[in-house]
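# Survey of secondary and tertiary structure
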Amino acid sequence: MVEAFVGTWKMTSSENFDEYMKAIGAGFATRQMGNMAKPNLLFSIDDGVISMKSQSTFKTTEAKFKLNEEFDEMTADDRKTKTLMTFENGKLVQKQTWDGKTTTLERELQDGKLIAKCVMDDVVALRTYEKEV
């Protein structure tokens, strides 16, 4: 279940993220900062509400949500999205919709690591995180 994601995760690798940011429409300056940032992901659950916080020297963002309930999200690159979080086949799936566009971020645990797969059209980025102890 989602409880397995609880904790602090440190990014250890990022593949094709610049292309993903281009695909979602992030500008040059935002992409430069996004490529340099090595964010930590912090997951917690309080009374059925999940908190997902991304912390970096560039920016800190936090989304609080319940599974299967759409909410308004302000992303790190300043997109205002309608976001739906679901838990499917062991994956925490984040679907963001804005301006007629949709991107999906799937987070799953593999061999003790958190793998985030960011998909926009035919562009896929992978970001890997290891749990801090």
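See the structure printed just above.
The following refers to the structure shown. Just so it is clear, the structure is predicted and the values come from calculations on it, not from any experiment.

## As for the overall build of the protein chain
- The helix and strand tally for the protein chain stands at 2 helices and 10 strands.
- Scanning the protein chain from its N terminus toward the C terminus, one meets helices and strands in the order β-α-α-β-β-β-β-β-β-β-β-β.
- The globule rule puts the C-alpha radius of gyration for 133 residues at 14 Å, and the 14 Å found for the protein chain is close to it.
- Seen through its C-alpha atoms, the protein chain measures out along the principal axes to roughly 40 × 30 × 25 Å.
- When the 133 residues of the protein chain are sorted by exposure, 37% land in the buried category.
- Nonlocal contacts in the protein chain, meaning residues at least 24 apart in sequence, comprise 39% of its contacts between residues at least 6 apart.
- Element-wise, carbon and sulfur atoms account for 47% of the exposed surface of the protein chain, whose accessible area totals about 7,600 Å².
- On the protein chain, the mean spot of the 19 positive side-chain charges and the mean spot of the 22 negative ones are 4 Å from each other.

## Some points on the pairing of strand S9 (residues 113-120)
- Bridge count for strand S8 (residues 101-110) against S9 is 7 bridges, and the pairing is antiparallel. Among the inter-strand pairings, Arg107 is bridged to a residue of S9, identified as Ala116.
- In textbook terms, the turn of a hairpin is the stretch between consecutive antiparallel strands, and for S8 and S9 this stretch comprises 2 residues, one of which, Asp111, has a positive phi near 50°.
- Bridge count for S9 against strand S10 (residues 123-131) is 8 bridges, and the pairing is antiparallel. Of the residues in S10, the one forming a bridge with Lys117 is Leu126.
- The hairpin formed by S9 and S10 contains 2 residues between the paired strands, and Asp121 there has a positive phi angle of roughly 55°.

## A few points about the pairing of S10
- Relative to S10, strand S1 (residues 7-15) is paired through 6 bridges, and the arrangement is antiparallel. Residue pairing across strands places Glu15 opposite Leu126, the latter belonging to S10.

## Quick word on the sheet that holds S10
- On the basis of which strands lie adjacent, the open sheet formed by 10 strands has the order S4-S3-S2-S1-S10-S9-S8-S7-S6-S5 and antiparallel pairing. If you trace the sheet from one side to the other, it starts and ends with strand S4 (60-65) and strand S5 (71-74), each paired once. Strand-to-strand twist of the sheet, defined as the mean angle between neighbouring strand axes without regard to direction, takes the value 25°.
- With 7 bridges connecting them, strand S2 (residues 40-46) and strand S3 (residues 49-55) associate as antiparallel partners. Note on S3: the bridge partner recorded for Ser44 is Ser51.

Calculation rules
Residues numbered from 1 in each chain as written. Predicted model: local features only at pLDDT ≥ 70, side-chain atom pairs only at ≥ 80, totals over all residues. Heavy atoms only, no water. Helix = DSSP H or I, 4+ residues; strand = E, 2+ residues; numbered from the N terminus. Rg over C-alpha atoms; globule rule 2.2 N^0.38 Å. Buried < 20%, exposed > 50% of the residue type's maximum accessible area, 1.4 Å probe, protein only. Contact = heavy atoms within 4.5 Å. Areas by Shrake-Rupley, 256 points an atom, 1.4 Å probe, with all protein chains shown as cover. Lys, Arg positive; Asp, Glu negative; His and termini not counted. Charge placed at Lys NZ, Arg CZ, Asp CG, Glu CD. Pairing = 2+ DSSP bridges. Axes fitted to C-alpha atoms, helices over the stretch in contact; angles between N-to-C directions.

Honestly, that's just the spatial picture; any functional story needs more than this.
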